[in-house]
Amino acid sequence: MKKNCLVIGDLNIDLIFSSLERKPVFGSEILSKEWFLDIGGSGGIFSAVLSKLGINTCIVSKIGSDYLGDFLVKKLKVLKVNTDFVIIDEKRNTGITVNLSYPKDKYQISSLDILISLREGEINIRGIDNLDHVHFSSYFMMSGLHNKYLEVISNIRSQFKSVTFSLDTNDDPNNIWDGGLIDVINSMDILFLNENEALNITGMSNTKNALEKLASYLEVVIIKLGKKGYMAKIPEGYYTEKSLDVNFRDSTGAGDNFDAGFIYGFLSGLSDEISLKIANLCGAKSVEYLGGVGNEKKFIELKESVKELLN
Ligand SMILES: Nc1ncnc2c1ncn2[C@@H]1O[C@H](COP(=O)(O)OP(=O)(O)OP(=O)(O)O)[C@@H](O)[C@H]1O
Ligand SMILES: [Mg+2]
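Residues numbered from 1 in each chain as written. Chains lettered and ligands numbered in written order. Predicted model: local features only at pLDDT ≥ 70, side-chain atom pairs only at ≥ 80, totals over all residues.

**Let's talk about the overall build of the protein**
Across its full length, the protein holds ten helices and 14 strands. Relative to its length of 311 residues, the protein is compact, with a C-alpha radius of gyration of 18 Å against a globular reference of 19 Å. Taken along the three principal axes of its C-alpha coordinates, the protein extends 55 × 45 × 40 Å. Expressed as a percentage of the 311 residues in the protein, the buried residues total 43%. (Helix = DSSP H or I, 4+ residues; strand = E, 2+ residues; numbered from the N terminus. Rg over C-alpha atoms; globule rule 2.2 N^0.38 Å. Buried ≥ 20, exposed ≤ 12 C-beta atoms within 10 Å, placed from the backbone.)

Following this line, the structure appears as structure tokens:
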């Protein structure tokens, strides 16, 4: 039977400019050879990819009653993500991030007040009968939920006894790296971070030490290292793997594709080691395409590669 995953977190528009001539300079215009409008937000991208990999996925987030909100719902529905629990805020605009994408990194400009405004009282998941897993995205961004995560987790646990939890904090736009995070991490089964996030959260100067410290809180900790791959601590030990050698186009959402790949493996009953390999594959496939979600061709190739890996 298909597994069910609930995603609670950020959902917004991503407008991506790539193949840029140079970096922005105040007072001048730069040209981009390509642009792409896609589902964005770590939660939005994660939901779309997980659903395409074959997990029943449903997302709780907040969008405006506007053209961009309609675009997100329409596109998520095409990807078979359940949007019944997405909250429509009549007073605010749908969140948007403009990405200037370069081979090594990106500039991002975001307007995401609508996501910050999401409160625990607005989360209403009545109607969900079966839930195997809950994924929280962009902990720091979703500051309206701070101090309430533990309540949300305990409410879900009381309804669905064997449910598991994962978290990807993503960046802290305020550079504070706190907000009761350690208590939340303690309630998780799986934690995804990138290198910068792991160092800032633990206060360590070395990634291996950061991994070890984080592993004292929960069983599975994965630190994504961009082009360098990942390092992870799972119950069987430490694992590290380089990234796959692919034709780079755009890094938007690579981390969320990686997370979705791992959770797909985890919910499919595969070992953590194999799930990590699927994750690495998903991250690599993501950078070959514009946008975090990308297009149908990406998913055809991705599913083919996952099939090959499992054979
Ligand atoms: N240039 C690349 N080539 C191949 N694979 C890559 C490349 N960049 C990233 N990946 C894959 O994607 C994974 C996640 O990327 P990254 O470390 O950038 O995560 P992140 O910082 O969480 O990303 P995001 O910006 O989506 O939050 C890596 O661990 C790797 O598997
Ligand atoms: Mg990330």
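**Description of the sheet that holds strand β7 (residues 96-101)**
Sheet architecture is open: four strands sit in the order β3-β2-β7-β8, paired in mixed fashion. In this open sheet, the two edge strands, each paired with only one partner strand, are β3 (32-40) and β8 (106-111). For this sheet, the mean angle separating the axes of adjacent strands, direction not counted, is 15 degrees. Pairing of strand β2 (residues 12-20) with β7 involves five bridges; the strand directions are parallel. Bridging across to β7, Asp14 finds its partner in Thr97. With respect to the sheet, helix α1 (residues 42-53) is in contact with β2 and β3, its orientation differing from that of β3 by roughly 80 degrees. (Pairing = 2+ DSSP bridges. Axes fitted to C-alpha atoms, helices over the stretch in contact; angles between N-to-C directions. Contact = placed C-beta atoms within 7 Å.)

**Comments concerning the site of ligand 1**
Near ligand 1 there are 22 residues, and of these Asn194, Lys224, Ser243, Gly255 and Gly283 occur at the shortest range. Elements supplying a minimum of two residues to the shell around ligand 1: α8 (254-267) and α9 (272-287). Class assignment of the residues belonging to the shell around ligand 1 gives a composition of nine nonpolar, ten polar and three charged. (Near = placed C-beta within 6 Å. Nonpolar A, V, L, I, M, F, W, Y, C, P; charged D, E, K, R; others polar.)

**Let's talk about the sheet that holds strand β9 (residues 133-137)**
Strands sit in the order β4-β1-β9-β10-β11-β12-β13-β14 across an open sheet of eight strands; the sheet is mixed. The open sheet terminates on both sides in strands that have one partner only, identified here as β4 (56-60) and β14 (237-241). In this sheet, neighbouring strand axes are inclined to one another by 15 degrees on average, regardless of whether the strands run parallel or antiparallel. Taken together, the five bridges between β9 and strand β10 (residues 164-168) define a ladder with parallel strand orientation.

**What to know about the environment of Tyr238**
Turning to its location among the elements, Tyr238 is positioned in strand β14. Aside from chain neighbours lying at most four places away, what touches Tyr238 is Met231 and Lys233.

**Overview of the nonpolar core**
Core analysis: the biggest nonpolar cluster contains 72 residues, and Val49, Leu50 and Leu191 have the highest contact counts within it. For this core, the element with the most residues is α8, which contributes eight residues. Sequence-distant contacts of Leu50, that is, excluding residues within four places in its chain, are made with Cys5, Ile55, Thr57, Ala260, Ile263 and Tyr264. Membership of the second largest hydrophobic core comes to five residues, among which are Ile16, Phe17, Phe36 and Tyr289. (Core = buried A, V, L, I, M, F, W, Y, C linked by C-beta atoms within 7 Å.)

**Thoughts on the pairing of β8**
Walk down a regular strand and you will see the side chains alternate between the two sheet faces. Of the strand pairs in this sheet, β7 and β8 are connected by six bridges, and their pairing is antiparallel. Residue Val98 lies in a different strand from β8, and its bridge partner there is Ile109. In this antiparallel pair of consecutive strands, β7 and β8, the connection spans four residues.

**Points about helix α7 (residues 207-215)**
Among all positions of α7, only Ala210, Leu211 and Leu214 are buried. On an axial view of α7, the arc spanned by its buried residues comes to 100 degrees, and they lie on one face. Those residues of α7 that are buried lie in contact with β11 (190-194), α6 (195-202), β12 (220-224) and β13 (230-234). (Arc of directions from axis to C-beta.)

**Points about the pairing of β11**
Counting buried positions along β11 yields five of five residues, so the element is predominantly enclosed. Burial of β11 is two-sided: the residues Ile190, Phe192 and Asn194 facing one way and the residues Leu191 and Leu193 facing the other way are all buried. With three bridges connecting them, β10 and β11 associate as parallel partners. The residue bridging Leu167 from the neighbouring strand is Leu191, located in β11. Taken together, β10, helix α5 (residues 181-186) and β11 constitute a β-α-β crossover, and its handedness is right-handed. In this structure, β11 lies alongside β12, joined through five bridges in parallel fashion. Bridge pairing in β12 links Leu191 to Val221. (Right-handed = clockwise from strand over helix to strand, strands pointing away.)

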